Each structure stands twice: as structure tokens, then as C-alpha cells.
Amino acid sequence: GSFRLYASAFFSLYYLTGQVWVSVLLIGICQNIILLPMRFIGMRLSNSFKDFEEKIEKSSNDDAYLVFNEKVRKGDVGIVFYIFNFVINAIAFLSAGRIFLIDFYTQKINPHYLYSWVPYPDYPLIGDKFYFPWFKITNSVSVDWKTIFLIWLGISLFFAIAKLLW
């Protein structure tokens, strides 16, 4: 199911990048891009959900359940979407989390967990530690005046255009 999908996506990205930490970042980016339409739909339906929240807050605890049950039975698009969105997000994040709970860095993952088109990785996996790229402050870089002027001009034009547009 979803675990196999995430494991295959991770090891496909690992095959492309050769680094575990880059693959972890990319799987998060891909997941957010794929789920982005759900966020846009949620923004569109936010007024419907706010109306529902107001009805729930105005009612007592017993009536709140009845209001919720009635909205679901009638097929209120906002409520059904939010339930669907919650389930999809829960499955996505739990599946992604489950991958990282097993120790696949050092112990070989069962090939059954990967789709047939995903290349099986060579062990041990490399790039499992992220090293922050510190800048060497003892080195200096010479930049000519023309480059400095062009950068200054570009920034100035950007802010001038932004001010004219707004």
C-alpha cells in the first residue's frame, strides 16, 4: 500500500541523488507538492467549514453530534472534504514516518517493499549525515565594481517596480 509507495519513492530518489539526507528532503517536498491541490480546495471551502464551526459552537454537546451527523449524511461538501483530507494526510504522514522507524540505513530492506522498477540500493547507504555548509570567513572574494553596480541596479529596479505595481 502506501508504505510500499513511500519506500519506492524514497529509494528512487536515493538512486538519483546518492544521498540519504537529500532524498529525505525531496520526499517531503514531493509530498507537499502532491498534496498542494488539497490545500487549495481547503482554502476554497474554508467559509463553509467556518459556518459549520459556528453551528457546532452554538449547540450543546449532544446537539453537536447530531449537527455533525446530519451534515455528513446530507453530504455537505465542506465536511466530507475535510474528513477525506484528514484521512489522506494521516495516511501520508504515518506511512512516511513508518519508513524511518525501520533501520534501513544499515540493515537491507526487503525487496518486497519496493516496486519492481525501483533499483535496489547498494548497502551501506551513504549520505545519512547532514553537514551544514559553513562558509569560510577567512577567504575573501574579489568582486569588480561593474558587478556591484549591476546587483545594486537590479535590486533598486525590483523595489521600484514593486512599488509602482502596488
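Residues numbered from 1 in each chain as written. Predicted model: local features only at pLDDT ≥ 70, side-chain atom pairs only at ≥ 80, totals over all residues. Heavy atoms only, no water.

Enquirer: Please provide a residue-by-residue account of the overall build of the protein, values included.
Expert: Helices and strands together make up the secondary structure of the protein, namely six helices and zero strands. Its C-alpha atoms give the protein a radius of gyration of 25 Å, clearly above 15 Å, the size a compact globule of 166 residues would have. Summarising its shape, the C-alpha atoms of the protein cover approximately 70 × 60 × 30 Å along the three principal directions. Taken across its 166 residues, the protein has 24% of its residues classed as buried. When contacts within the protein are restricted to residue pairs at least 6 apart in sequence, long-range pairs at least 24 apart make up 63% of them. A total of about 13100 Å² of accessible surface is found on the protein, and carbon and sulfur atoms cover 67% of it. (Helix = DSSP H or I, 4+ residues; strand = E, 2+ residues; numbered from the N terminus. Rg over C-alpha atoms; globule rule 2.2 N^0.38 Å. Buried < 20%, exposed > 50% of the residue type's maximum accessible area, 1.4 Å probe, protein only. Contact = heavy atoms within 4.5 Å. Areas by Shrake-Rupley, 256 points an atom, 1.4 Å probe, with all protein chains shown as cover.)

Enquirer: Before we move on, can you summarise the pattern of salt bridges with the specific residues and values?
Expert: As enumerated under the stated definition, the model contains one salt bridge in all. A salt bridge links E70 to K74; its shortest N-O distance comes to 3.0 Å. A residue pair is termed a helical-turn pair when its members lie 3 or 4 positions apart in one helix, as E70 and K74 do in helix α4 (residues 61-74) at four residues. (Salt bridge = Lys/Arg side-chain N within 4 Å of Asp/Glu carboxyl O.)

Enquirer: Requested: an account of a nonpolar patch on the surface, with residues and values cited.
Expert: A cluster of nonpolar side chains, F149, L150, W152, L153, L157, I161, L165 and W166, forms an exposed patch at the surface whose accessible area comes to about 980 Å². In this fold, L165 is placed in helix α6 (residues 145-165). (Patch = residues over 30% accessible without salt bridge, like charges linked within 9 Å, V, L, I, M, F, W, Y side chains within 5 Å.)

Enquirer: Requested: an account of the packing of aromatic side chains, with residues and values cited.
Expert: Across all of its chains, the model carries five aromatic pairs by this definition. Aromatic pair F158 and F159: ring centres 5.3 Å apart, planes at 70°, arrangement edge-to-face. The exposure classification of F158 matches that of F159, with both residues exposed. (Phe/Tyr/Trp six-rings, centres within 6.5 Å; stacked < 30°, edge-to-face > 60°.)

Enquirer: Would you mind going over the nonpolar core in detail, with residue names and values included?
Expert: F11, F104 and L125 are the most contacted members of the largest nonpolar core, which totals 22 residues. Breaking this core down by element, the ones donating at least two residues are α1 (2-17), α2 (20-44) and α5 (77-101). Here this core gets seven residues from one element, more than from any other, and that element is α1. The residues contacting L125, other than those within four sequence positions of it, are F11, Y14, V20, F104 and Y105. (Core = buried A, V, L, I, M, F, W, Y, C linked by side-chain atoms within 4.5 Å.)

Enquirer: An account of the side chain of Q31 is needed here, citing residue identities and associated values.
Expert: Within the element layout of this structure, Q31 appears in helix α2. Relative accessible area serves as the criterion here: at 9%, Q31 is assigned to the buried category.

Enquirer: Tell me about the environment of F84, and please be specific about residues and values.
Expert: Relative to the assigned elements, F84 resides in helix α5. Accessibility expressed as a relative area gives 46% for F84, which makes it partly exposed. Between the alpha carbons of F84 and L157 there is a distance of 46 Å; along the sequence they are 73 residues apart.

Enquirer: Residue-level account of the packing of α1 against α2, with values.
Expert: The contact between α1 and α2 brings their axes to 9 Å, and the two run at 130°. Our classification of the angle between α1 and α2 gives oblique. Regarding α1 and α2, the two cross each other, and that crossing is right-handed. Packed against α1, whose contacting residues are Y6, A9, F10, L13, Y14 and T17, the element α2 presents V20, V22, S23, V24, L26, I27 and Q31 at the interface. Its residues assigned to classes, the contact of α1 with α2 comprises ten nonpolar, three polar and no charged. (Axes fitted to C-alpha atoms, helices over the stretch in contact; angles between N-to-C directions. Parallel < 35°, antiparallel > 145°, perpendicular 65-115°, else oblique. Left-handed = near helix turned anticlockwise from the far one by under 90°. Nonpolar A, V, L, I, M, F, W, Y, C, P; charged D, E, K, R; others polar.)

Enquirer: Explain a negative patch on the surface to me, and be specific about the residues and the numbers.
Expert: On the surface, a cluster of negative charge is contributed by D51, E53, E54 and E57. Note that E54 resides in helix α3 (residues 46-58). (Lys, Arg positive; Asp, Glu negative; His and termini not counted. Charge placed at Lys NZ, Arg CZ, Asp CG, Glu CD.)

Enquirer: Which residues make up α2, and what values do they have?
Expert: Taking 1.5 Å per residue as the helical rise, α2 with its 25 residues ought to reach 36 Å, and the 37 Å between its terminal C-alpha atoms agrees with that figure. For α2, the principal kink sits at L35 and spans about 40°; a proline, P37, occurs within the next four residues. Of the positions making up α2, those classed as buried are V20, S23, I27, Q31, L35, M38 and G42. Where α2 is buried, its residues meet α1, α3 and α5. (Expected span 1.5 Å × (residues − 1). Bend = angle between axes of the 7 residues up to and from the residue.)

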